[in-house]
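A closer look at the structure
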There are 2 protein chains.
Amino acid sequence: MKQYLKLDEWKIIEDKFHPEFNEVTESIFSLGNGRMGQRGSFEETYSGKTLQGNYVAGVYYPDKTRVGWWKNGYPEYFAKVLNAANWNGLEITIGDEIVDLNQSHINAFYRELNMKEGYILRTCSITLNSGKSIEIKSIRFTSMADDESGAISYSIKAINFSDTIQVNAFVDGDVVNKDSNYDEKFWDEVQVGVAENTSYVWSRTKKTEFDVITGQSIQLTVNDKELTSKAQSKTRTKYSELKYNIEINKGDTLTIVKYAVNLSSENHPQDQLLIRLNAYLSKITQKGFEQMLQEHAAAWETKWAINDIVIKGDVAAQQGIRFNIFQMNQTYTGADDRLNIGPKGFTGEKYGGSTYWDTEAYCIPFYLSTAPQQVAKNLLIYRWKQLGRAIENAGKLGFSHGAALYPMVTMNGEECHNEWEITFEEIHRNGAIAYAIKDYVDYTNDRKHLVEYGWEVLIGISRFWAQRVNWSENLQKYVMLGVTGPNEYENNVNNNWYTNYFAVWCLKYTLKVLTEIQTNYPLKAKEKLVQTNFQSHEIDKFEHIIQNMYFPRDEKRGIYLQQDGFLDKVIEPVDSIPANQRPINQNWSWDRILRSCYIKQADVLQGMYFFENDFTKEEIERNYDFYEPLTVHESSLSPCVHNIIAAKLGKEAKSYEFYTRAARLDLDDYNNDTEDGCHITSMAGTWMSIVKGFGGMTIKDNQLNFDPFLPSQWDEYAFKISFRSNQLAIKVHKQGIDIDNLSNTPITLKVKGITYTIEASSKQVI
Amino acid sequence: MKQYLKLDEWKIIEDKFHPEFNEVTESIFSLGNGRMGQRGSFEETYSGKTLQGNYVAGVYYPDKTRVGWWKNGYPEYFAKVLNAANWNGLEITIGDEIVDLNQSHINAFYRELNMKEGYILRTCSITLNSGKSIEIKSIRFTSMADDESGAISYSIKAINFSDTIQVNAFVDGDVVNKDSNYDEKFWDEVQVGVAENTSYVWSRTKKTEFDVITGQSIQLTVNDKELTSKAQSKTRTKYSELKYNIEINKGDTLTIVKYAVNLSSENHPQDQLLIRLNAYLSKITQKGFEQMLQEHAAAWETKWAINDIVIKGDVAAQQGIRFNIFQMNQTYTGADDRLNIGPKGFTGEKYGGSTYWDTEAYCIPFYLSTAPQQVAKNLLIYRWKQLGRAIENAGKLGFSHGAALYPMVTMNGEECHNEWEITFEEIHRNGAIAYAIKDYVDYTNDRKHLVEYGWEVLIGISRFWAQRVNWSENLQKYVMLGVTGPNEYENNVNNNWYTNYFAVWCLKYTLKVLTEIQTNYPLKAKEKLVQTNFQSHEIDKFEHIIQNMYFPRDEKRGIYLQQDGFLDKVIEPVDSIPANQRPINQNWSWDRILRSCYIKQADVLQGMYFFENDFTKEEIERNYDFYEPLTVHESSLSPCVHNIIAAKLGKEAKSYEFYTRAARLDLDDYNNDTEDGCHITSMAGTWMSIVKGFGGMTIKDNQLNFDPFLPSQWDEYAFKISFRSNQLAIKVHKQGIDIDNLSNTPITLKVKGITYTIEASSKQVI
């Protein structure tokens, strides 16, 4: 846990340089616009700890799998998020000294991530070894308005000297992935080039053959007067530079404005890349830095107007939730149904792949409520498009007849992950993907989605479950053997309650959807049934499983058992583990963790979160009281679920405790791993903690419901949501609840069980 | 399955060159003498498929672990059997053509592994591209009499030409391990050197700093007349050569005799290596090739006199058993308690490490019966010496107070293996190590071993079990969670019957040994109890576990269950798997294998093999009838156990079927993997199949018992065993059983339940 960053409602501030945490700060200060992103590294040379990272959405490399002991069914490749050309690069030489904060005396240092307007600002005053002092000021952003570009304004003021400053502005595509399995480089050069004040690097990924062209355009001013000096330009493999020598007098300020563009062959024809790059560079250069920044800030203003959550009385909580919302918006804008939400977004390389079950289980609710309907729909279409690969994936494991197993980790639909106990066994991901369809349709009422996209995915998933269970002669029930539930601190267990429950739910929902689409869209449904080769005996099979599934249960305690044999473990609360042995995943052998009763993240409770309406409050409470004390929450995805359940059970203090744990996970580097990147997908969980947890938002009977409470630590909180054609602003404060219907249609909803109809552009005070 | 090798009682013969199987033949034709060994590659250049491998016992390299996903507790290093300097090398150039069977026309080819005398012989007639024809004859062996040396006699007859033959005899230490995890080389050069007709390479392993010096001495004759020509000598890094140019006339025979010595710093002071190498080379060179071979053959004669099993009426079976006995003797001679029995011996690199549970579970019975008592004792002392490391290993996993977990794979006592489900969970190996103590003491009656070595190992192992079980409130019994039994087609199961049973047996045996040593060696025992910090409350704990252990059982079928939940699987016999899906480990996903009921190797039956006397014949039969049909025997260690149990149950035909499957595993390349090396440790199981299976040999009530039958396919079989001070020759033939007491003391034993006393040097005909 680190607390070197300053609290502020809208900014993340580091007001004294902490080189020891520089990689953490780089992760937190990452920038992105959905299309491209980068870590918050310095522009100029820095010889201290740093991890340069530039990422282009959708561009990946299938790195050869590294494995100790091969198991049949493992994928050959692990698709890695690719470190791409660095467009930040500025090498500044004064006399014969290269400016490098790690080699200089730092007189003053300040940097902020301005979340309101989406940029990073740095000012610092340093003295070089020669005694020359300079002040640096830089502003950088990746534009939300022009989402294939970014810009930097970088100023140097000569405090106590006159000398030549050499500026070397470069684009460097000769980069490596830190997580490369065999230390290979993933890019080949296509072409590099330079022109007057512009240069570019055009690279192509090996194997996947994605082209990315990255270009820069440079403008220089001294004391706001534009310089017309021509660059000495140079190229080498995957690298191009523009070098300028500028005579500077004491007191002068040299400003370098760098415009950068990243175009990918995912979005542009290969033969147009260079032409479009130059056109794009011209466009933004003409627009100018100030104008670009203004348009970018305006785009953020629009987002915040819909997305913002305001908390009064707790700056740390306010900063935390805004940081989470900010990063969610930087990572995924929903504009492209080929993209998904990587667990580290554009903030680091770790974990590879872009798509985990996190998307469906944690992120979709956020986008459903805060973005146009198409955004969540695109995430569903993404999986729909990858159905063929999911069927192939199941085929590799021995399933047939259109059974689909979606991958644990993927870029293009192919499985990447290679740990048998997860790759082959953490199959509950299939359930979350089915659930997201229900979630989307319930929220949006876009029922046609079921016949157009939903059915195909649902029948594939249900066929998988129907083959994955087997009939136990012993129990005279269907069982599901050899799975790993959400709690990854148990592997290869039998009858994980969550997975069994989800499997049966999928079968039920598939049959329900079958009836609905046959009723509502008979022709289209018929076509889809033929297309998916659906046979009526499949209904019998599904129903037999629904009727006869085995669910492990402890009647004495009145709880469901996480899996067979859970009660054979020594059951002792987490509190009994000495503090110096926490987190257990850093202190205990894997063997000891597996045999312990400790739960990494919600498992039975995760199921009760999804299917809340299937259980009485007392039942949920019994399970919560049993499992929560055994849960170590060593997954960033755990606290939000407990927050929401605790809120439902009226355990307000506990609910708040879970929120604080989640909201500042990266800002406080709670797990000591933010240097690898931020926990992007769990950030959506933090949003859920407020809206679904404290706000008690649910959809029941085709209607919005709220059951809010105000954490005693806060004065008030307010959030906005979109629901179908309505926009609502909800404020929960000490005197009550205000719900503002911002749209021009009325809405009927329930608050604490009472139905209200709020007219268009009206406020209901409760 | 391949059958290109010819049947012969004493030889393995390839009478037509099969380049496509050359690596298989190299494995089968491997040579060794317990100290050093090598694959049966050609001496001269061969550009076709070949795996050069030279190995020096006890010399290893800790290769950095390769792992996909790190788990706490994994070892940093995997000790690899090291490919060492190649001393076979002869490059033969005729005119300007290098002799290479892969580039020549082969007119005739013959090679044999002569198991009786322990050498490989090759004759071949080839025509080079120039049209020059030669005949090659080579004989090679690694000496059993001078066990740090080997020799080659290599002749070339010029059939149809006169020309200069250039002979380049070299030692090449610039070798790699095929299985190197990161393509690193493991040897550094210390020194290379040449003198008149001798040269050497002195290398040192990285990290472990083992020194090995490998030298050669060359003698040349033409038509049996010694040549005195001096070598042109040359060295480069880790390489030295002696080059000769010899004018040869048509019809001449050039013979190169190469003497080679391998000395390791394990056996010689570093500063003496070069002096001793030269002295050794002088000694064997003066001895001469014929004399060396004669002494070597005599050493083999002595071994065969004790070890041989004679089978009449079945050449394939005869060849198979002799091959197994031959390889066991080549791999381990028992002379050095720092050495153990690698799963591939000196025949390949695969699996790394030298020590698996195979040693205790399969090999010790062979050495007990066929070698001096000290040989098996040395294998026990090997583990005793590594006890400290086993305690450290358990400590890493979270155990304490002297609990010992022996490694899954090791060289020096440290764990090497890194698959959590095996490394951390296949803990039954601890049981086999305890069992070997009992086996050794029962067989030899060396009861003092218990107090001198046995106790320390037993208490360490029992302490591990006592901590590894836990009390289940649910079952009101002790349970053992998260293990992998001998059947590696199940992972992370609860209450594996075999492991639970073995744990309880270890506790019982430890308490029994405690009483025995306190009674027989009270002073020494007291000292050992203090040394091991033994507390009397440990007895109570052990007894409580013994009384209250849980064993999964199916009362309906009257069988023990392999583990909790086994009967929830779909139970279908192996016969129901289509032939083209066998072996399942090459055709099914790991996921499918794990969820199936199919058993890789004996599990419950392995326990009944060890603890036969604890169960009624009917009980064993019920378990056999249930489990055998579910067993795919995809481990080479499986058939021998089933052979022995089937024999006990009177299922003679089935017992014979298991024998044939095991005995020719490598000769027929049954599993298509002999090219990686031979299955050395399972060869001991083949010996057990005859002696314990067909011969029904057991120790009961401190006495030898036989209960033999003659497989109907055979005319007779005969084997010899040492038992304490007696040597016995047992012959089982169509008329009955002959037992010859070869020693000068009488022996009392049981045959088919009837007690006989056989006087010294007498024969009992039954």
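See above for the structure.
Residues numbered from 1 in each chain as written. Chains lettered and ligands numbered in written order. Predicted model: local features only at pLDDT ≥ 70, side-chain atom pairs only at ≥ 80, totals over all residues. Heavy atoms only, no water.

Examining the packing of aromatic side chains
The geometry of an aromatic ring pair is captured by the separation of the ring centres together with the interplanar angle, meaning the angle of the planes. Residues and elements named next belong to chain A. For the structure shown, the criterion picks out 123 aromatic pairs over all chains. Between Y435 and W505, the aromatic rings sit 5.6 Å apart at their centres with planes inclined by 50°, giving tilted as the arrangement. Within this pair, whereas Y435 is found in helix α9 (residues 429-444), its partner W505 is found in helix α11 (residues 497-520), the two being separated by 70 residues in sequence. In this structure Y435 comes out as buried when scored by relative accessible area, which is 11%. (Phe/Tyr/Trp six-rings, centres within 6.5 Å; stacked < 30°, edge-to-face > 60°. Helix = DSSP H or I, 4+ residues; strand = E, 2+ residues; numbered from the N terminus. Buried < 20%, exposed > 50% of the residue type's maximum accessible area, 1.4 Å probe, protein only.)

Considering the pattern of salt bridges
Close approach of charged atoms allows side chains of opposite charge to pair. On inspection of all chains with the given rule, the structure shows 110 salt bridges over all chains. Put simply, K71 of chain B and E421 of chain A hold a salt bridge, and the shortest N to O gap is 2.9 Å. Of this pair, K71 of chain B sits in the loop between β5 (60-64) and β6 (77-81) while E421 of chain A sits in helix α8 (residues 420-423), each in a different chain. A single burial state applies to K71 of chain B and to E421 of chain A, both of which are buried. Its salt-bridge partner being R553 of chain A, residue E555 of chain A comes within 3.2 Å of it at the nearest N-O pair. We classify R553 of chain A as partly exposed; its relative accessible area is 28%. (Salt bridge = Lys/Arg side-chain N within 4 Å of Asp/Glu carboxyl O.)

Focus on the environment of E266 of chain B
Residues and elements named next belong to chain B. With respect to the secondary-structure elements, E266 resides in the loop between β20 (253-264) and α2 (273-287). On a C-alpha basis, the gap between E266 and D211 in space is 7.9 Å, while along the polypeptide they are 55 residues apart. Not counting chain neighbours up to four residues away, the residues in contact with E266 comprise G58, F210 and R338. (Contact = heavy atoms within 4.5 Å.)

Looking at the sheet that holds strand β3 (residues 36-38) of chain B
All names here are of chain B. Read across the sheet, three strands follow the order β2-β3-β4 without closing on themselves; strand pairing throughout is antiparallel. The open sheet is flanked by β2 (31-32) and β4 (54-56), the only strands paired with a single partner. The sheet contact formed by β3 and β4 spans three bridges and is antiparallel. By the bridge assignment for β4, G37 is matched with Y55. (Pairing = 2+ DSSP bridges.)

Quick notes on the interface of chain B and chain A
Across the boundary between the two partners, chain B contributes 46 residues, which contact 46 residues of chain A. Carbon and sulfur atoms make up 51% of the area that chain B and chain A hide from each other, which totals about 3900 Å². Our count for the contact surface shared by chain B and chain A stands at six salt bridges. The partner of K71 of chain A in a salt bridge is E419 of chain B, with the nearest N and O atoms 2.7 Å apart. Residue assignment for the side of chain B that touches chain A shows that the elements contributing at least two residues are α8 (420-423), β22 (470-472), α14 (584-587) and α15 (590-595) of chain B. The element contributing the most residues to the side of chain B that touches chain A is α15 of chain B, with five residues. For the side of chain B that touches chain A, the class distribution of residues is 18 nonpolar, 14 polar and 14 charged. (Buried area = accessible area lost by both parts, 1.4 Å probe. Nonpolar A, V, L, I, M, F, W, Y, C, P; charged D, E, K, R; others polar.)

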